[in-house]
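Fold and contact review
The primary structure of each chain is shown beneath.
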Amino acid sequence: MNLHEFLVPPAETARREGPNTRIVMSSRVRLARNLKGLAFPGWAKKAERIRALDQIRPAVETLPQMAGAFSESMDNLNALDKQILVERHLISREHAAKNAGSGLVLNREESLCVMINEEDHLRMQALRPGLQLKQAWAAIDAVDSKLEKKLDYAFNAELGYLTACPTNLGTGIRVSAMLHLPGLVLAEQINQIIQAVNKLGLAVRGLYGEGTEALGNVFQVSNQMTLGESEPEIVERLNKVLAQIIEHEENARGTLQEKKPKTVCNHIGRAYGILANAHSISSKETMNLLSFLRLGVDLGMFPEMERGLVDELFILTQPAHLQKNFSEKLGADERDLLRADMLRERLRSVSRPVNPPVKLDKPSEE
Amino acid sequence: MMCCICKEKEATVHLTQIAAEKMQKVDLCEDCAKQKGVNDPAGFSLADMLLGLGASQEMEQAAGGSHLKCPHCGFTQADFKKAGRLGCAHCYDTFSEGLEGLLKTMHKGTRHKGKIPAALRESQDLAARLKQLQKRLDKAVAEEDFEQAALARDEIKSTKEKIAEITAP
């Protein structure tokens with residue numbers, strides 16, 4: 001089956017909701033594992049990488065969790081397929097650059113994704129909508145426990161699971177959440193938050209954009225340390241910090257609405273105006289404006305629009321997703337035109353933002 | 001929310017500190033935050049910094065700049081400097097001396113505290129059990145309690161069989 005037929009439409013994935021969806025877009029737990037007796041993928045010769053792939057791939061494919069999964073060798077995916085997987089946050093950019101000797105196994109619901117021969121022999125991840133770190137950990141822990149019966153992991157009683165990079169050593173775990181923080185950005189508090197979170201040994205980075213730039217006000221918070229702490233301890237620590245960030249973001253939004261209502265409405269109104277009426281728009285501008293649209297939904301300024309539509313547009317307006325529907329290769333200028341066409345079309349039925357906002361009951365969340 | 005130090009200005013910096021499992025919250029105004037050095041950039045991003053150049057330099061120093069080479073995969077110190085990644089699982093033995101300091105700065109501890117593969121955990125448990133049984137046997141023999149000794153001997157035999165079962169390919 002080809003990848004495009006397999007992938008769940010963004011219209012569906014973007015509408016999956018979990019706890020704290022207003023701020024936490026998704027949760028992810030990743031484990032790194034390697035096989036005993038084989039060099040790590042970055043150092044192994046091609047033949048050795050293929051040997052590892054041939055051992056791992058059937059073991060992963062036959063997991064009960066992977067019934068009906070999509071499984072492919074990376075050299076059978078073209079550049080566009082790979083880019084689409086990256087834009088959906090299913091594989092890393094590094095993995096997209098791999099070819100023969102690397103593979104991918106993705107389950108039907110797109111909640112489990114295993115990269116074979118990325119930086120480590122196995123990079124397996126569980127994804128959940130909203131804030132569900134514990135659930136994601138339980139899911140990937142179960143996959144790992146099944147796999148360890150079929151594969152001989154490189155494990156050392158002192159150092160734990162051995163990984164290509166010493167930063168992943170021990171548990172090999174990376175617990176992360178994707179956060180939408182427009183309130184903290186508008187209130188110019190985001191840098192303080194980032195610094196405070198860094199001080200706690202956690203990493204914060206912009207999810208889109210290069211370097212420190214955080215397009216669309218989307219940030220990823222994750223643990224840095226993997227050795228000397230158990231997996232549940234790491235999950236719990238992240239949960240505590242995330243609860244704090246969520247509270248700060250809600251406070252920032254509340255304060256902004258109270259103290260600078262015009263500034264907030266201006267940002268949201270302009271974002272709507274441009275997205276719904278532009279005839280050419282870059283991916284960067286689109287993401288920054290979609291962020292305000294999402295904030296507008298959260299604040300009750302678009303009573304009829306679903307948050308899911310904004311999240312869907314976050315995916316559909318990315319370069320590879322635009323290119324997908326056209327056979328000839330599009331240039332950046334052409335993509336900007338098509339992106340604007342699509343946004344106008346999709347936002348045609350969305351009414352202008354209302355002011356004052358409709359009072360929303362805050363969803364009952366933990 | 002008022003600043004909890006000067007109690008005059010609006011708090012815009014909200015810090016949460018987790019130390020020894022206790023969460024502490026501090027709300028500061030911009031000025032007090034500056035005074036307290038909250039924005040001091042030198043205090044942050046330790047791990048990120050170490051990930052880069054710091055890591056390989058530290059390793060080189062610890063290893064006395066020697067030309068260590070992994071006997072299993074041929075990976076060298078210089079390769080680590082280039083890639084920032086190791087060659088194979090055995091590299092952790094080969095370069096253990098240099099890595100130790102690095103791991104200390106990078107992680108919470110230097111000893112794994114998390115998940116252990118079930119088969120390994122089981123064989124560890126059985127090995128501990130075996131030791132215990134051996135002691136019991138020795139004691140019983142010394143005390144000429146042959147009934148107990150026979151029991152212990154039988155259990156040792158079955159435990160050994162279980163270990164062989166697990167470790168068999």
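**Thoughts on the overall build of chain B**
Counting its regular elements, chain B contains seven helices and two strands. Traced from its N-terminal end to its C-terminal end, chain B shows the element sequence β-β-α-α-α-α-α-α-α. Residue burial in chain B is summarised as follows: out of 169 residues, 22% are buried. Taking as baseline every contact in chain B between residues at least 6 positions apart, the subset at least 24 positions apart corresponds to 38%.

**Considering the sheet that holds strand β8 (residues 173-180) of chain A**
Residues and elements named next belong to chain A. Ordered in space as β2-β3-β4-β5-β1-β8-β10-β9, the eight strands form an open sheet in which the pairing is antiparallel. The two strands at the open ends of the sheet, each matched to only one other strand, are β2 (70-73) and β9 (202-206). Going from strand to strand, the sheet's axes swing by 15 degrees on average, the running direction of each strand aside. Taken together, the five bridges between β9 and strand β10 (residues 218-223) define a ladder with antiparallel strand orientation. Counted as the bridge partner of Val204 is Val221 from β10.

**Considering the interface of chain B and chain A**
In this assembly, 39 residues from chain B lie in contact with 42 residues from chain A. Here the side of chain B that touches chain A gets five residues from one element, more than from any other, and that element is strand β1 (residues 13-19) of chain B. Looking at side-chain class alone, the side of chain B that touches chain A contains 21 nonpolar, 13 polar and five charged residues.

**Brief notes about the nonpolar core**
Of all hydrophobic cores here, the largest spans 121 residues; its most connected members are Val114, Leu133, Ile140, Leu179, Val221 and Leu293 of chain A together with Cys88 of chain B. Sequence-distant contacts of Val221 of chain A, that is, excluding residues within four places in its chain, are made with Ser176, Ala177, Leu179, Val197, Leu202, Val204, Leu242 and Ile245 of chain A. In this structure, Ala11, Val13, Cys29 and Cys32 of chain B belong to the second largest nonpolar core, which totals six residues.

**A few points about helix α10 (residues 261-277) of chain A**
Residues and elements named next belong to chain A. Taking 1.5 Å per residue as the helical rise, α10 with its 17 residues ought to reach 24 Å, and the 24 Å between its terminal C-alpha atoms agrees with that figure. Looking only at α10, the buried set comprises Val264, His267, Ile268, Ala271, Tyr272 and Leu275. In an axial view of α10, the angular spread of the buried residues amounts to 125 degrees, which keeps them on one side of the axis. Among the exposed residues of α10, those oriented more than 90 degrees off its buried face are Lys262, Thr263, Asn266 and Asn277. The inward-facing, buried residues of α10 abut α9 (231-259), α11 (283-298) and α14 (332-346).

Parameters at a glance
Residues numbered from 1 in each chain as written. Chains lettered and ligands numbered in written order. Predicted model: local features only at pLDDT ≥ 70, side-chain atom pairs only at ≥ 80, totals over all residues. Helix = DSSP H or I, 4+ residues; strand = E, 2+ residues; numbered from the N terminus. Buried ≥ 20, exposed ≤ 12 C-beta atoms within 10 Å, placed from the backbone. Contact = placed C-beta atoms within 7 Å. Pairing = 2+ DSSP bridges. Axes fitted to C-alpha atoms, helices over the stretch in contact; angles between N-to-C directions. Nonpolar A, V, L, I, M, F, W, Y, C, P; charged D, E, K, R; others polar. Core = buried A, V, L, I, M, F, W, Y, C linked by C-beta atoms within 7 Å. Expected span 1.5 Å × (residues − 1). Arc of directions from axis to C-beta.

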